[in-house]
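Here is how the chains run, residue by residue.
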Amino acid sequence: MTEPWWISLIKALLIVNLLLLALSYTTWLERKLLGRMQNRYGPNRAGPFGLLQPFADLIKMVRKEAFYPAAASNLPYIVAPALSATTALLAFAVIPFGAGWTIYHWHVNGAVASVPIGLIVIFAVGSIGIYGFIVGGWASESKYSLLGSMRTCAQLVSYEVSLALSVLGVVLMGQSLNLTQIVDKQGETIWFIVPQLVGFLVFFIGGVAETSRAPFDLPEADTELVAGYHTEYSGMRWGLFQMAEYVNLIVLSALAVTLFFGGWHGPWAPLGPLWFFIKLAIFVSVFIWIRASVPRLRYDQLMRFGWKVLLPAATINALVTALLVVWI
Amino acid sequence: MSPQPVDTLKGFALTFRQLFKKPITQQYPEYKRPLYPRFRGRHRLHRHANGLEKCIGCSLCAAACPADCIRVVADENTPDNRVSAGERYARIYEINMSRCIFCGYCELACPFDAITLGNEFEISEYNREDLIYTKDMLLAPPAKRVPVADPALYDTPTPYYKTHS
């Protein structure tokens, strides 16, 4: 259903700000949870329970000197982090967080932009975001940054294949690429985690690699290498890359909730967006839990796992689902 | 030896269990862990019981200092200006704390036990100039008190060079 453009605008503003808030508190949650899992406190100085830590970090990053390599090529060096952060935020636009409401006599959709090919939009936008990483590393005019960005892109591109294949089963079962319709279908039948368990596992592992988080955080690998593509970045430009990473994490968790866990549908009580938020928070926590528990993979292990385990599993899963959907 | 996935899951259980344990971090400025009694911190100069300085300005500490951070300028004691117990006294006694490595060699070199290393370690300053300690600062009792563990429990026996000299 269509809605007036100004409702979309208000929704977009609201969602972007909520997303930025969620992103800053994801960093807080990550540090806190990681700390507690390692018998530390995590941030506890800025405000009660360190709740003001994200703002302190933001002020620090904005005020810090934004280092600029003399040999860097001007425009790409500045545009790259902005591109990554923008595309990351953009991907959230098509994710439905509610069933849609009728307020007064206007209809309000549950997503910022309810496009018929929402799923493809997310993957397309995510692929543009990868340009930010490779351009940023290349424009820094440093061989380590360039190598880091190549490593990042090799990883992201290989895992994107399995990621896209793993959601094919969901698309076949939901018979739509529109995320709202996929969620509706799950509300009518069953959460797709049950019939699509293999697809979910592939999606989840591929997603961890796609957001380049531990144990697949080779792009950063802070204990072994300095950093990856963002070696030459500092201040808020580095902050934007970091922001892109966390927003990607949130978008991926939201996508997992939407595709496999019934979106805004809960097991009981129609709470709508609240259910969506609760599931999202659980997913983000699980990502952090993984980071606290699993050591980093070696690069060849990463590639072998991506191409020889995840890709066949995703392909077979998609084929079997297709056959079952046709025959049953 | 259990198979790999089981081990991985065990690892997840382990990290999850830690959430319900109390962190072992010591919150430093609020809680100060008692120091080892012979912890080598900020220097002190000492006086005799009658108020005269123990330091006689012999510069042996400056000679022993590997970081070369001690500066001593000696002067003669006169009957109307008697500062130390010996023939001469240290007119200038400065320690550059930004260079000191807290090795304690000055303490070993001193023939009169005039200089010792105290327990205070919170000696940060905003200026390098403020880290050059003068004789007055070193003679004064330490401004901050730090908790020190019970020497009876934690100190090592008195070293050989202190008992046999």
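Residues numbered from 1 in each chain as written. Chains lettered and ligands numbered in written order. Predicted model: local features only at pLDDT ≥ 70, side-chain atom pairs only at ≥ 80, totals over all residues.

(A) Looking closely at the overall build of chain B. Within chain B, the regular secondary structure consists of six helices and five strands. Of the regular secondary structure in chain B, the N- to C-terminal order runs α-β-α-β-β-α-β-β-α-α-α. The C-alpha extent of chain B, read off along each of the three principal axes, is 85 × 40 × 30 Å. Considering chain B as a whole, with its 165 residues, one finds that 16% of them fall into the buried category. Considering only contacts in chain B between residues 6 or more positions apart, those separated by 24 or more positions represent 74%. (Helix = DSSP H or I, 4+ residues; strand = E, 2+ residues; numbered from the N terminus. Buried ≥ 20, exposed ≤ 12 C-beta atoms within 10 Å, placed from the backbone. Contact = placed C-beta atoms within 7 Å.)

(B) Highlighting the overall build of chain A. The helix and strand tally for chain A stands at 11 helices and two strands. Its helices and strands taken in sequence order, chain A reads α-α-α-β-β-α-α-α-α-α-α-α-α from the N to the C terminus. Its C-alpha atoms give chain A a radius of gyration of 20 Å, near enough to 20 Å, the size a compact globule of 328 residues would have. Overall, the C-alpha framework of chain A stretches about 60 × 50 × 45 Å when taken along its three principal axes. Evaluated residue by residue, chain A yields a buried proportion of 44% over its 328 residues. Of the contacts formed within chain A by residues at least 6 apart in sequence, a portion of 78% connects residues at least 24 apart. (Rg over C-alpha atoms; globule rule 2.2 N^0.38 Å.)

(C) Representation of the nonpolar core within the structure. Residue and element names in this part refer to chain A. In terms of nonpolar packing, the biggest core is built from 81 residues, with Val247, Ile250, Val251 and Ala256 touching the most fellow members. No other element matches helix α9 (residues 235-260), which puts 17 residues into this core. Setting aside residues up to four positions removed in sequence, Ile250 forms contacts with Leu19, Ala22, Leu23, Thr26 and Val284. (Core = buried A, V, L, I, M, F, W, Y, C linked by C-beta atoms within 7 Å.)

(D) Quick look at the confidence of the model for chain B. Per-residue pLDDT for chain B has a mean of 86; in total, 97% of the residues score no lower than 70. Quick note on the complex model: pTM equals 0.82, ipTM equals 0.75. (pLDDT = per-residue confidence, 0-100.)

(E) Highlighting helix α10 (residues 273-293) of chain A. Taking 1.5 Å per residue, 21 residues should reach 30 Å; α10 of chain A reaches 30 Å between its end C-alpha atoms and fits that length. Within the span of α10 of chain A, buried status applies to Trp275, Phe276, Lys279, Leu280, Phe283, Val284, Phe287, Ile288 and Ala292 of chain A. Of the surrounding secondary structure, the elements contacted by the buried residues of α10 of chain A are α1 (5-37), α8 (197-210) and α9 of chain A together with α1 (4-18) of chain B. (Expected span 1.5 Å × (residues − 1).)

(F) Here's a closer look at the sheet that holds strand β2 (residues 70-76) of chain B. Residue and element names in this part refer to chain B. Strand order across the open sheet formed by three strands is β2-β3-β5, with antiparallel pairing between neighbours. The strands lining the two open edges of the sheet, one partner per strand, are β2 and β5 (132-133). Across seven bridges, the pairing between β2 and strand β3 (residues 88-96) is antiparallel. Pairing of Val72 across the sheet is with Tyr93, part of β3. (Pairing = 2+ DSSP bridges.)

(G) Looking closely at the environment of Leu108 of chain B. Residues and elements named next belong to chain B. With respect to the element layout, Leu108 can be found in helix α3 (residues 105-109). With 14 C-beta atoms counted inside 10 Å, the residue Leu108 sits in the partly exposed group. Along the primary structure Leu108 and Tyr161 are separated by 53 residues, whereas in three dimensions their C-alpha atoms are 8.7 Å apart.

(H) Fine view of the packing of α8 of chain A against helix α11 (residues 299-327) of chain A. All names here are of chain A. Two elements in contact, α8 and α11, have axes separated by 9 Å at closest approach and are oriented at 145 degrees. Like other packed secondary-structure pairs, α8 and α11 cross with a definite hand, here left-handed. Residues Val198, Gly199, Val202, Ile205, Gly206 and Ala209 of α8 form the contact with α11, whose participating residues are Gly306, Leu310, Ala313, Ala314 and Asn317. Considering only residue class, the contact of α8 with α11 consists of seven nonpolar, four polar and no charged. (Axes fitted to C-alpha atoms, helices over the stretch in contact; angles between N-to-C directions. Left-handed = near helix turned anticlockwise from the far one by under 90°. Nonpolar A, V, L, I, M, F, W, Y, C, P; charged D, E, K, R; others polar.)

(I) Highlighting the confidence of the model for chain A. For chain A, mean pLDDT is 86; residues scoring 70 or higher make up 99% of the total. Element-level mean pLDDT values for chain A span from 76 in strand β1 (residues 101-103) of chain A up to 90 in helix α2 (residues 53-63) of chain A.

(J) Focus on the packing of helix α4 (residues 118-139) of chain A against helix α5 (residues 143-166) of chain A. Residue and element names in this part refer to chain A. Taken N-terminus to C-terminus, the directions of α4 and α5 make an angle of 165 degrees; their axes are 7 Å apart at the nearest point. For the element pair α4 / α5, the angle class is roughly antiparallel. Here the hand of the crossing between α4 and α5 comes out left-handed. In contact with Phe123, Ser127, Ile130, Phe133, Ile134, Gly136, Gly137 and Trp138 of α4, α5 contributes Ser145, Leu146, Gly148, Ser149, Thr152, Cys153, Leu156, Glu160 and Ala164. Here the residues of the contact of α4 with α5 are counted per class, giving nine nonpolar, seven polar and one charged. (Parallel < 35°, antiparallel > 145°, perpendicular 65-115°, else oblique.)

(K) The arrangement of the environment of Val62 of chain A in detail. Within the secondary structure, Val62 of chain A sits in helix α2. The spacing of Val62 of chain A and Arg237 of chain A is 175 residues in sequence and 8.9 Å in space, taken between C-alpha atoms.

(L) Inspection of unusual backbone geometry at higher detail. Even without a glycine there, the phi angle at Ser212 of chain A is positive, about 45 degrees. With respect to the helices and strands, Ser212 of chain A occurs in the loop between α8 and α9. Even without glycine at this site, Phe102 of chain B takes up a positive phi of about 55 degrees. Relative to the assigned elements, Phe102 of chain B resides in the loop between β3 and α3. Residue Phe102 of chain B is classed as partly exposed on the basis of its C-beta count, with 15 C-beta atoms lying within 10 Å.

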